[in-house]
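Summary of the model geometry
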Amino acid sequence: MNSPQFPILAGAQPAMQPATPLARLARLLAANAPQDGSFETCIPGVHAIRASTSSAELVHGLHRPALCIVAQGAKTVMLGEESYEYDPSRMMIFSLDLPIAAMIRQASVAAPYLSFRLDFDQERLAELILKAYPDGVPAVADKRAVYVAQAGEAIVDAAARLVALAGQPEEAALLAPLAIDEIVLRLLRGPFGARLAQLGRIESHRIGKVVDWIRRHYDQPIRIEHMAALAHMSASSLHEHFKSLTSMSPLQFQKTLRLQEARRLMLSSGMDAGLACQRVGYASPSQFSREYARHFGSAPTRDMLRLRNAGLAQAVSFTQ
């Protein structure tokens, strides 16, 4: 028997497909970042980021521990000599303060780059690590403190719900902590969870103390013996663990911070190279000039002239 045929009413429209979690996240980020820039929402640690043009230069700065999800567009992040690519199919996780360089590869006015950032609360993260791994965190072979992974639909959906709460401050005060816990627990329970959970390991905590000291005292001489004592490690063990997490030695890490800060000072205040050199802790102007040129591609004075002539003085450094 033939199945009954039902007439199609004139003017009837096909049912609308529900928006994907990634599309919802992009729409909410655009609403919370009405123009180019990084905007912290009413929820502490939750940021919406927009850029309407691709980058002409690498943007240098210190990135704090955070989860970043690109909802639209694409970006490249450099850590030392290593390069990481991420786009709407992936997320990037930073588990230590790291001096990075970044470039937005895909963005336009019609389809701007849109990114979600959740800064990690280290104390709460430590509590959730104990819940996710009550029997201890399994060992991981790759200990790098930055990595790219697939952004699963469940995490993207939780991020979209969290950003949606930014438009409801009263509800956000009650519900946002639960949504943040959900995101972090999903990360910890996911395939890369052990790498995030390494923050709770004693070695990472000790290296984190050294990173924090260098970040706050980048303009002061480093004595490896002092750093090793701070971490309660031997000098060789400190060097090994520090490099495995950051891809740099402590001295390279400090040098990168110094050069980034010198460039920021010259760009933001018009400070000359000699004074910037002294301000960030260099004793030798010639050494500063050589290392600056090696890091940024040209000597300080020439670099400043090029950036200002190209109208890029505000677009090549950031602080968080």
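Heads up: these notes are all about the structure in this document.

**Some points on the pattern of salt bridges**
Scanning all chains against the criterion turns up 18 salt bridges. With a shortest N-O distance of 3.6 Å, Asp-97 and Arg-64 are connected by a salt bridge. Here the residue Asp-97 occupies a position in the loop between strand S7 (90-94) and strand S8 (98-106), and Arg-64 occupies one in the loop between strand S3 (59-63) and strand S4 (66-72), the gap between them amounting to 33 residues. The exposure class of Asp-97 is buried, given its relative accessible area of 10%. Across the salt bridge formed by Asp-303 and Arg-263, the nearest N and O atoms sit 3.0 Å from each other. Of this pair, Asp-303 sits in helix H12 (residues 300-309) while Arg-263 sits in helix H9 (residues 250-269), and the two are 40 residues apart along the sequence. Both residues of the pair, Asp-303 and Arg-263, count as buried. Three or more residues joined by partner-sharing salt bridges are found here, namely Arg-24, Asp-157, Arg-161, Glu-182 and Arg-186.

**Some remarks on the environment of Ala-173**
Looking at the secondary structure, you find Ala-173 in helix H4 (residues 169-189). Here the alpha-carbon distance between Ala-173 and Tyr-282, two residues 109 residues apart in the chain, equals 46 Å.

**Digging into the environment of Ala-51**
Inspection of the secondary structure assignment puts Ala-51 in strand S2 (residues 46-51). On a C-alpha basis, the gap between Ala-51 and Ser-115 in space is 9.1 Å, while along the polypeptide they are 64 residues apart. Discounting chain neighbours no more than four positions away, the residues touching Ala-51 are Asp-36, Ile-104, Ala-107, Pro-112 and Tyr-113.

**A closer look at the nonpolar core**
Counting residues in each nonpolar core, the largest one holds 54 residues, and the members touching the most others are Leu-98 and Ile-214. At seven residues, the largest contribution of residues to this core is made by H9. Among residues more than four places away in sequence, those in contact with Ile-214 are Ile-222, Met-227, Phe-242, Pro-250, Phe-253, Gln-254 and Leu-257. In this structure, Ala-26, Leu-28, Ala-71 and Phe-116 belong to the second largest nonpolar core, which totals 45 residues.

**Describing a nonpolar patch on the surface**
Residues Leu-174, Leu-175 and Leu-178 make up a contiguous nonpolar surface patch of about 320 Å² in total accessible area. Here Leu-175 lies in helix H4.

**Digging into the packing of helix H3 (residues 153-165) against H4**
A pair of packed helices is captured by two measures, namely the crossing angle of their axes and the spacing between those axes. Put simply, H3 and H4 touch, their axes get as near as 8 Å, and they point 165° apart. Of the possible angle classes, the one that applies to H3 and H4 is roughly antiparallel. Two packed elements cross with a definite hand, and for H3 against H4 that hand is left-handed. The segment H3 lies against H4, with Ala-154, Ile-155, Ala-158, Ala-159, Arg-161, Leu-162 and Leu-165 engaging Pro-169, Glu-171, Ala-172, Leu-175, Ala-176, Ala-179, Ile-180, Glu-182, Ile-183, Arg-186 and Leu-187. Of the residues assigned to the contact of H3 with H4, the class counts are 14 nonpolar, no polar and four charged.

**Quick look at helix H8 (residues 235-246)**
With 12 residues, H8 extends 16 Å between its outermost C-alpha atoms, agreeing within 8% with the 16 Å of an ideal straight helix rising 1.5 Å per residue. Taken residue by residue, H8 has Ser-237, Leu-238, His-241, Phe-242, Leu-245 and Thr-246 as its buried positions. Along the axis of H8, the buried residues cluster in a sector spanning 130°; they form a single face. Structural note: H8 exposes Ser-236 and Glu-240 on the side pointing more than 90 degrees away from its buried face. Trailing H8 by a residue or two, Ser-247 shows a phi angle of about 75°, which is positive.

**Focus: the state of the cysteines**
Cysteine pairs can be linked by a disulfide, which is a covalent bond between their two sulfur atoms. Tallied over the full model, the rule gives zero disulfides. Of all cysteine sulfurs, the one in Cys-42 lies closest to Cys-68, which takes part in no disulfide; the gap is 19 Å. Using a relative accessible area of 4% as the deciding quantity, one classes Cys-68 as buried.

**Overview of unusual backbone geometry**
One non-glycine residue, His-232, lies in positive phi territory at about 55°. Examined against the element boundaries, His-232 turns out to sit in the loop between helix H7 (224-231) and H8. Residue class for His-232 comes out exposed when judged on its relative accessible area of 58%. Despite not being glycine, Ser-247 has its phi angle at roughly 75°, a positive value. Relative to the elements of secondary structure, Ser-247 occurs in the loop between H8 and H9.

Criteria and thresholds
- Residue positions are given per chain, counting from 1 as you read along its sequence in written order.
- Residue-level local features of this predicted model are given only where pLDDT is at least 70; pairs of side-chain atoms are given and counted only at 80 or more, and the full residue set underlies all totals for whole chains, interfaces and linings.
- Excluded from the side-chain calculations are hydrogens and water; all other atoms, namely the structure's heavy atoms, are used.
- Salt bridges are identified by distance alone: a Lys or Arg side-chain nitrogen within 4 Å of an Asp or Glu carboxyl oxygen.
- Secondary structure follows DSSP: runs of H or I at least 4 residues long count as helices, runs of E at least 2 residues long count as strands, and numbering of each begins at the N terminus.
- Whether a residue is buried, partly exposed or exposed follows from its accessible area with a 1.4 Å probe, protein chains only, as a fraction of its type maximum: under 20%, in between, or over 50%, in that order.
- The contact rule is simple, with two residues in contact once any of their heavy atoms fall within 4.5 Å.
- In these notes, a set of buried Ala, Val, Leu, Ile, Met, Phe, Trp, Tyr and Cys residues joined through side-chain atoms within 4.5 Å is what counts as a nonpolar core.
- Patches draw on residues past 30% relative accessible area with no salt bridge. Two like charges within 9 Å are joined, as are two nonpolar side chains (Val, Leu, Ile, Met, Phe, Trp, Tyr) within 5 Å.
- In this description, accessible areas are obtained by the Shrake-Rupley approach with a 1.4 Å probe, and a residue is regarded as covered only by the protein chains that are shown.
- Every angle, taken between N-to-C directions, lies between 0 and 180 degrees, and every axis is a line fitted to C-alpha atoms, over only the stretch in contact when it is a helix.
- Orientation is classified from the angle alone, with under 35 degrees giving roughly parallel, over 145 giving roughly antiparallel, 65 to 115 giving roughly perpendicular, and any other angle giving oblique.
- By convention, the crossing between two helices is left-handed when the near helix turns anticlockwise from the far helix through less than a right angle, and right-handed when the turn is clockwise.
- Basically, the charged four are Asp, Glu, Lys and Arg, the nonpolar ten are Ala, Val, Leu, Ile, Met, Phe, Trp, Tyr, Cys and Pro, and anything else, Gly included, counts as polar.
- Any helix carries an expected span of 1.5 Å times its number of residues minus one.
- Directions drawn from the helix axis to the C-beta atoms are what define this arc.
- A pair of sulfur atoms, both from cysteines and within 2.5 Å, is called a disulfide here.

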